[in-house]
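Residue-level listing of the chains:
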Amino acid sequence: MTEPSGSQKKRIPALEVTSLTRSFGELHALKKISWSVDEGSWWGVIGPNGSGKSTLLHLLSGVDRPTAGNVHIYGKKAGSYSRKELSRLVAVLQQEGLPPVGYTVREVVEMGRYPHQDWLGREKGVDVGLITDRVLKRLGLAPLADRALDHLSGGQRQRVALAKVMVQEPQILLLDEPTTYLDLRYQLEFMELLAEWRQETGVTIIAVLHDLNLTAQFCENLLVLKDGMVEGLGASADLLTEERIRRVYEVEPVMLPHPDSGVPQLLLRRNVRRAADQ
Ligand SMILES: Nc1ncnc2c1ncn2[C@@H]1O[C@H](COP(=O)(O)OP(=O)(O)OP(=O)(O)O)[C@@H](O)[C@H]1O
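Keep in mind that what you see is a predicted model, and the values were worked out from it rather than measured. (Residues numbered from 1 in each chain as written. Predicted model: local features only at pLDDT ≥ 70, side-chain atom pairs only at ≥ 80, totals over all residues.)

**Q** Could you give an account of the packing of helix 5 (residues 154-168) against helix 6 (residues 184-201), with specific residues and numbers?
**A** Closest axis-to-axis distance for the helix 5/helix 6 pair is 11 Å, and the angle between their directions is 10 degrees. For the element pair helix 5 / helix 6, the angle class is roughly parallel. Facing helix 5, whose interface residues are Gly155, Gln158, Leu162 and Met166, helix 6 presents Tyr186, Phe190, Leu193 and Trp197. Looking at the contact of helix 5 with helix 6 residue by residue, the class counts come to six nonpolar, two polar and no charged. (Axes fitted to C-alpha atoms, helices over the stretch in contact; angles between N-to-C directions. Helix = DSSP H or I, 4+ residues; strand = E, 2+ residues; numbered from the N terminus. Parallel < 35°, antiparallel > 145°, perpendicular 65-115°, else oblique. Contact = placed C-beta atoms within 7 Å. Nonpolar A, V, L, I, M, F, W, Y, C, P; charged D, E, K, R; others polar.)

See below:
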């Protein structure tokens, strides 16, 4: 038999999890999750509080190990990469992107290059200053470059966190509720910056999000978790139905198409009985 070649060859997924389980004593936070993420795709991970979203992200980023099952990154077990190899491939941006430490914006953003540097902090053929300047300018952070991080607002710090992962140039970006503390304008701006960056670089994005309307506008695909199990997997437009939102979140939703794009948008009905009691 001849080997499949060229376009016949199945592309290796950027990320693949099989029967992934994470238990904390008697509590099973994730139960046998299987999921495959193509390179360059944008996935939203949604589900109610406590459904296992952050636990999943911790396993994907290698900060935690599964109780059973596997995480493969570009076809190789996540645990078989060194810490530094893994951070060249995978970057993580947390809810409160960066702690308010005394470093300047430029210093923090330059730290994004750490996974590419040797133990003396050197990197062959790369001008870190230049890469940093470009990213700072692009995110409108150039005027803040010499400010200490603890003198910035939460929204500005989140942009610095994004600058740091952009400088890191990962293949996969994991985000844990990155827009939670941002006002409406900055939420949208943050998501647009991600979308542009993805368009340019083909970075794979996996974002835990609570805002389903933003999710529907930006993430093509969704992993829906409930009680640590996969409740839905596939195209956002197919999964965001009234019936599923009712079942997963235990609320009474109304879904309407967005007037610009037609993607599903969510309105919540008040709990009529409780409201009448007040
Ligand atoms: N280190 C831990 N030790 C014990 N239990 C944990 C630990 N981490 C998470 N859990 C439990 O695992 C379950 C899933 O938690 P996880 O933080 O992954 O949920 P989540 O979907 O991210 O929730 P949220 O939307 O509230 O952030 C919860 O019941 C949580 O209490």
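**Q** Which residues make up the site of the ligand, and what values go with them?
**A** As a structural note, the neighbourhood of the ligand is formed by Phe24, Leu27, Ala29, Gly47, Asn49, Gly50, Ser51, Gly52, Lys53, Ser54 and Thr55. Listing elements by their share of the shell around the ligand, those giving two or more residues are strand 2 (27-37) and helix 1 (53-61). (Near = placed C-beta within 6 Å.)

**Q** Any chance you could break down the packing of helix 4 (residues 128-138) against helix 5 for me, citing the residues and the numbers?
**A** Contact pair helix 4 / helix 5: the axes reach a minimum separation of 10 Å and the direction vectors enclose 140 degrees. As the angle between them shows, helix 4 and helix 5 are arranged oblique. At the point where helix 4 passes helix 5, the crossing takes the right-handed sense. Touching Ile131, Thr132, Val135 and Leu136 of helix 4 are Ala163, Met166 and Val167, all from helix 5. Residues belonging to the contact of helix 4 with helix 5 are distributed by class as follows: six nonpolar, one polar and no charged. (Left-handed = near helix turned anticlockwise from the far one by under 90°.)

**Q** Hey, could you go over the nonpolar core for me, with residue numbers and the actual values?
**A** If you look at the biggest cluster of nonpolar residues, it comprises 64 residues, and the most contacted ones within it are Val45, Val160, Ala163, Leu173 and Leu174. No other element matches helix 5, which puts seven residues into this core. Beyond its immediate stretch of four places on either side in the chain, Val45 contacts Lys53, Leu56, Ile206, Ala207, Val208, Leu223 and Leu225. (Core = buried A, V, L, I, M, F, W, Y, C linked by C-beta atoms within 7 Å. Buried ≥ 20, exposed ≤ 12 C-beta atoms within 10 Å, placed from the backbone.)

**Q** Mind laying out the pairing of strand 7 (residues 172-176), listing which residues take part and the relevant values?
**A** Of all five residues making up strand 7, five are buried, and the element is well covered by its neighbours. Side chains Ile172, Leu174 and Asp176 project from strand 7 onto one buried face, and the interleaved Leu173 and Leu175 project onto a second face that is buried too. Relative to strand 8 (residues 204-208), strand 7 runs parallel, the two sharing five bridges. Across the sheet, Leu175 pairs through a bridge with Ala207, a residue of strand 8. You can see the chain leave strand 7, run along helix 6 and come back into strand 8, and the turn it takes is right-handed. (Pairing = 2+ DSSP bridges. Right-handed = clockwise from strand over helix to strand, strands pointing away.)

**Q** Quick rundown of the sheet that holds strand 4 (residues 68-73)? Include the residues and the values.
**A** An order of 2-1-4-5 is seen for the four strands of this open sheet, with the pairing classed as antiparallel. The open sheet has two edge strands with one neighbour each: strand 2 and strand 5 (76-77). As paired strands, strand 1 (residues 15-24) and strand 2 are joined by seven bridges and run antiparallel to one another. Residue pairing in the sheet places Val17 in a bridge with Trp35 of strand 2.

**Q** Account for the sheet that holds strand 9 (residues 221-226), naming residues and giving values.
**A** Sheet architecture is open: six strands sit in the order 6-7-8-3-9-10, paired in mixed fashion. Sheet topology places strand 6 (90-93) and strand 10 (229-235) at the edges, where each strand pairs with a single neighbour. Here the strands of the sheet are splayed against their neighbours by 15 degrees on average, with no regard to which way each runs. One ladder, built from six bridges, connects strand 9 with strand 10; its direction is antiparallel. Across the sheet, Val224 pairs through a bridge with Gly232, a residue of strand 10. Relative to strand 6, helix 5 is tilted by about 180 degrees, and along the sheet it contacts strand 6 and strand 7.

**Q** Residue-level account of the environment of Gln156, with values.
**A** Within the secondary structure, Gln156 is located in helix 5. Judged by the 19 C-beta atoms lying within 10 Å of it, Gln156 falls in the partly exposed class. Separated by 51 residues in the primary sequence, Gln156 and Val105 place their C-alpha atoms 9.9 Å from one another.

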